[in-house]
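Per-entry structural report
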Amino acid sequence: MALQNINPTKTKAWKKLENHFTEIKPVEMKTLFQKNKNRKEEFSFQFEDFNLDYSKNRIDQKTMDLLLELANECQLTDAIEKYFSGDKINTTENRAVLHTALRNKGNNAVQVDGTDIMPEVRETLAKMEQFSNKVISGEFKGYTGKAITDVVNIGIGGSDLGPRMVVESLQFYKNHLNTHFISNVDGDHVVEVLKNLNPETTLFIIVSKTFTTQETLTNALTVKKWFLQNAKESDIQHNFVAVSTNVEKVLDFGIDANNVFTMWNWVGGRYSLWSAVGLSISLAIGFKNFDNFLKGGYAMDQHFKNADFEKNIPVTLALISIWYNNFFGSESEVVIPYTQYLEKLAPFLQQLSMESNGKSVDRNGKPVNYQTGNIIWGNTGTNVQHAFMQLVHQGTKIIPVDFIGFKESLYGNKEPHNKLMANFYAQAEALYAGKTAEEVHLDMKFHGDLKKINALLPFKVFEGNKPSNAILIEKLTPKSLGSLIAMYEHKTFVQGVIWNIFSFDQFGVELGKELAHKFLVK
Ligand code: G6Q
């Protein structure tokens, strides 16, 4: 069954939130902390090795109660039930949305059109495991009989951003294989990647759900031409594999039927890294680690499905985000992980959130008269503190932040890690507390005459009262990364449910694909 069709702005909760907003808007978070000594504990909770502290937000208990009322009036429980059980909630494409089945570690069947899809999912995973083991051990050989040293993922959008981000994020767990990514239809970049590769020892994975995407097919053909400078057509089977739903087109390209990894229409591109689209991940870190990554996703699924909404991380993050987007009018959110490993997280989340919720027509097919998907951006701390954080601290916009930190570093280098984490805490504190004129004055009083101090004072004052969430995780592992990604997937889902839009189509992307063909100068 389809998702219900409820205009959030017509709910009772929305009206109450509008009234409540006028009460909260002038309130300083500092006052809220002074009034409630247990605020930090009351607005924090733990799920496995994740701790969410959302106390530094412009909310009080009433805000959260009303946001939960909104979620209930928008039938969130019903939507979650339909999401996990394979209902065709991607109405405009008449498809189920089942990336959660790809990481389902339970024994339950998941039905699509009356058929349990779990056996096929497990079969593909088993094929990925076997293949990964063979490539990593050197048993799988390239066309001249040499073991594989390099893997190149050719794909774009959902067939690139996820695997690229995970491979980079989990490089600590990597084996000897070098992994490369070609996505843009930029011939120069393709040459740059190929120039250091030996065709004999390189495995190419062409990842395209449709196998019709111009960029991917063009790049795949360029690579094939380069490969055939030394090899024969019949050698393609040794060095090329594909991940696609379109087996016919893959075979036309010259890839052996045994080298095709299937995927399904019930997995959206931007949600597909859990499927064979993640083959480059499984090759880079080994299948066991890939499976732990799936387990992390599954653990977050269970939490999202079963935890009460008050203590549910994706629900809480989604509701707070809606509060800023739809009541404070903030247009963007910034995500700042305090680990260099997660440098590609922001581009991944941009696609996940903005392609899913960048919609202006509701589930009735009518234009919405309220804000939907927000702009997501970010990069790693502490780098951003020396760059764009100025605007978050002293600019004119309200930009809620997600700070993501890890208690342990992977190599156990305590001293730099302590400094990194000191910055993680300090940034949240600075945004929250700011710096008053008195504090600035105190700081400056020994550094010049009063006239100079007074002239500089306004520029050195920080208003504070800027919101952030702190997500603190024990350690960056395949499992915790899996949970982190699933957390943002579910946050995106909850937002789409409440905004009454369809989060799983992407007609905007498709228009671009169509027009690029028209504009192509032959
Ligand atoms: C993802 C989008 C889009 C898609 C790419 C690649 O949700 O649909 O980013 O992943 O356009 O598509 P193919 O995998 O079909 O080549």
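Use the structure listed above.
All of the points below concern the structure found in this document. (Residues numbered from 1 in each chain as written. Predicted model: local features only at pLDDT ≥ 70, side-chain atom pairs only at ≥ 80, totals over all residues. Heavy atoms only, no water.)

1. Comments concerning unusual backbone geometry
The test is simple: To qualify as a helix, a DSSP run of H or I must reach at least 4 residues; to qualify as a strand, a run of E must reach at least 2; elements of each kind are numbered from the N terminus.
The amide bond that connects Gly 381 to the next residue, Thr 382, takes the cis arrangement and shows omega of 5°. Here the phi dihedral of Asn 465 falls at roughly 60°; this positive angle occurs in a residue that is not glycine. Turning to its location among the elements, Asn 465 is positioned in the loop between α20 (450-460) and β13 (468-473).

2. Examining the side chain of Gln 427
Convention followed: Contacts were defined at the residue level, with two residues in contact if any of their heavy atoms lie within 4.5 Å.
For Gln 427, the location among the structural elements is in helix α18 (residues 414-433). Beyond its immediate chain neighbours, meaning those up to four positions away, Gln 427 contacts Tyr 338, Gln 385, Met 389, His 393 and Phe 403.

3. With respect to the packing of helix α4 (residues 61-73) against helix α15 (residues 313-328)
Our working rule: Axes here mean lines fitted to C-alpha atoms, for a helix over just the part in contact, with angles spanning 0 to 180 degrees between N-to-C directions. Should an angle fall under 35 degrees it is taken as roughly parallel, and over 145 as roughly antiparallel, whereas 65 to 115 is taken as roughly perpendicular and any remaining angle as oblique. In the scheme used here, Gly and all other residues not listed as nonpolar or charged are polar, with Ala, Val, Leu, Ile, Met, Phe, Trp, Tyr, Cys and Pro taken as nonpolar and Asp, Glu, Lys and Arg as charged.
Two numbers describe how α4 lies on α15: the axes approach to 10 Å, and their chain directions differ by 100°. On the basis of the axis angle, α4 is roughly perpendicular to α15. Within the contact between the two elements, α4 uses Thr 63, Met 64, Leu 67, Leu 68, Leu 70 and Ala 71 and α15 uses Thr 316, Leu 319, Ile 320, Ile 322 and Trp 323. Residues that form the contact of α4 with α15 fall into these classes: 9 nonpolar, 2 polar and no charged.

4. Here's the deal with the sheet that holds strand β11 (residues 375-378)
What counts is decided by this rule: By the convention used here, strands pair only if DSSP detects at least 2 bridges between them.
One open sheet holds the 6 strands; their spatial order is β1-β2-β13-β12-β10-β11, and the pairing between them is mixed. Both edges of this open sheet fall to β1 (44-47) and β11, since each of them pairs with a single strand only. Between one strand and the next, the sheet's axes are offset by a mean angle of 20°, whatever the strand orientation. Pairing geometry for strand β10 (residues 332-337) and strand β12 (residues 401-406), over 4 bridges, is parallel. Each residue of the ladder has a partner; that of Ile 336, found in β12, is Phe 403. Across the sheet, α18 is in contact with β12 and β13; its angle to β12 comes to roughly 160°.

5. What to know about the site of the ligand
Under the convention used in this document: We call a residue near a given molecule or strand whenever any one of its heavy atoms falls within 4 Å of it. Counted as a polar contact is a pair of N or O atoms within 3.5 Å, where, for protein atoms, one must be capable of donating a hydrogen and the other of accepting one, and residues adjacent in sequence contribute only when both atoms are in side chains.
Not every one of the 14 residues close to the ligand is listed here, only the nearest: Ser 159, Ser 208, Thr 210, Thr 213 and Gln 351. Interatomic distance of 2.7 Å between a side-chain N/O atom of Ser 159 and an oxygen atom of the ligand. Ser 208 is positioned such that a nitrogen or oxygen atom in its side chain is 2.6 Å from an oxygen atom of the ligand. Looking at side-chain class alone, the shell around the ligand contains 1 nonpolar, 9 polar and 4 charged residues.

6. Observations concerning the packing of aromatic side chains
Two numbers describe a pair of aromatic rings. These are the distance of the centres and the angle of the planes. As a reminder, the rule being used: Side-chain rings of Phe, Tyr and Trp (the six-membered ring for Trp) are treated as a pair once their centres are within 6.5 Å; stacked means planes under 30 degrees apart, edge-to-face means over 60, and tilted covers the remaining angles. Buried residues are those whose accessible area, probed at 1.4 Å on protein chains only, stays under 20% of the maximum for their type, while exposed residues exceed 50% and partly exposed ones sit between those limits. The rule is short: NZ of Lys or CZ of Arg within 6 Å of the ring centre and within 35 degrees of the ring normal puts a charge over the ring.
Considering all chains together, one arrives at 37 aromatic pairs under this definition. A centroid spacing of 6.3 Å and a plane angle of 75° characterise the contact between Phe 403 and Phe 424, whose relative ring orientation is edge-to-face. Placement of Phe 403 in strand β12 and of Phe 424 in helix α18 is noted, with a sequence separation of 21 residues between them. Overall, the relative accessible area of 2% leaves Phe 424 in the buried class. An aromatic cluster is built from Trp 14, Phe 21, Trp 323, Tyr 324, Phe 327, Phe 328 and Tyr 370, whose rings are joined through pairwise contacts. In this structure, Lys 127 is placed above the aromatic ring of Phe 261, and the distance from its NZ or CZ to the ring centre is 5.0 Å.

7. A word on the pattern of salt bridges
Threshold: Whenever Lys or Arg places a side-chain nitrogen within 4 Å of a carboxyl oxygen from Asp or Glu, that contact is recorded as a salt bridge.
One pass over the structure, following the stated rule, counts 22 salt bridges. Between Asp 505 and Lys 359 there is a salt bridge, and its shortest N-O distance comes to 2.9 Å. One end of the pair, Asp 505, is in the loop between α21 (478-499) and α22 (507-519); the other, Lys 359, is in the loop between α16 (345-357) and β11, and 146 residues separate them in sequence. Each of the two residues, Asp 505 as well as Lys 359, counts as buried. The shortest N-O distance in the salt bridge between Lys 435 and Asp 443 comes to 2.5 Å. By relative accessible area, which is 26% here, Lys 435 ends up partly exposed. For Asp 443, a relative accessible area of 44% puts it in the partly exposed group. Connected through shared salt-bridge partners, Arg 103, Asp 301 and Glu 489 make up one network.

8. Thoughts on the pairing of strand β8 (residues 240-244)
To keep it simple, the criterion reads: A crossover gets the label right-handed when its path from the first strand over the helix to the second runs clockwise, viewed with the strands pointing away from the viewer.
Of all 5 residues in β8, 5 are buried; the element is thus mostly enclosed. Of the two faces of β8, the one carrying Phe 240, Ala 242 and Ser 244 and the one carrying Val 241 and Val 243 are both buried. Both strand β7 (residues 202-207) and β8 contribute to a ladder of 4 bridges, which runs parallel. Bridge pairing in β8 places Val 207 opposite Val 243. Both β8 and strand β9 (residues 260-262) contribute to a ladder of 3 bridges, which runs parallel. Following the sheet pairing, Val 243 is matched in β9 by Phe 261. Taken together, β8, helix α12 (residues 247-253) and β9 constitute a β-α-β crossover, and its handedness is right-handed.

9. Structural notes on the sheet that holds β7
If you walk across this open sheet you meet the 5 strands as β6-β5-β7-β8-β9, and the pairing is parallel. Single-partner strands in this sheet number two, and they are β6 (178-182) and β9. The average angle at which neighbouring strand axes cross in this sheet is 20°, direction not considered. Where strand β5 (residues 150-154) meets β6, 5 bridges bridge the pair, whose relative direction is parallel.

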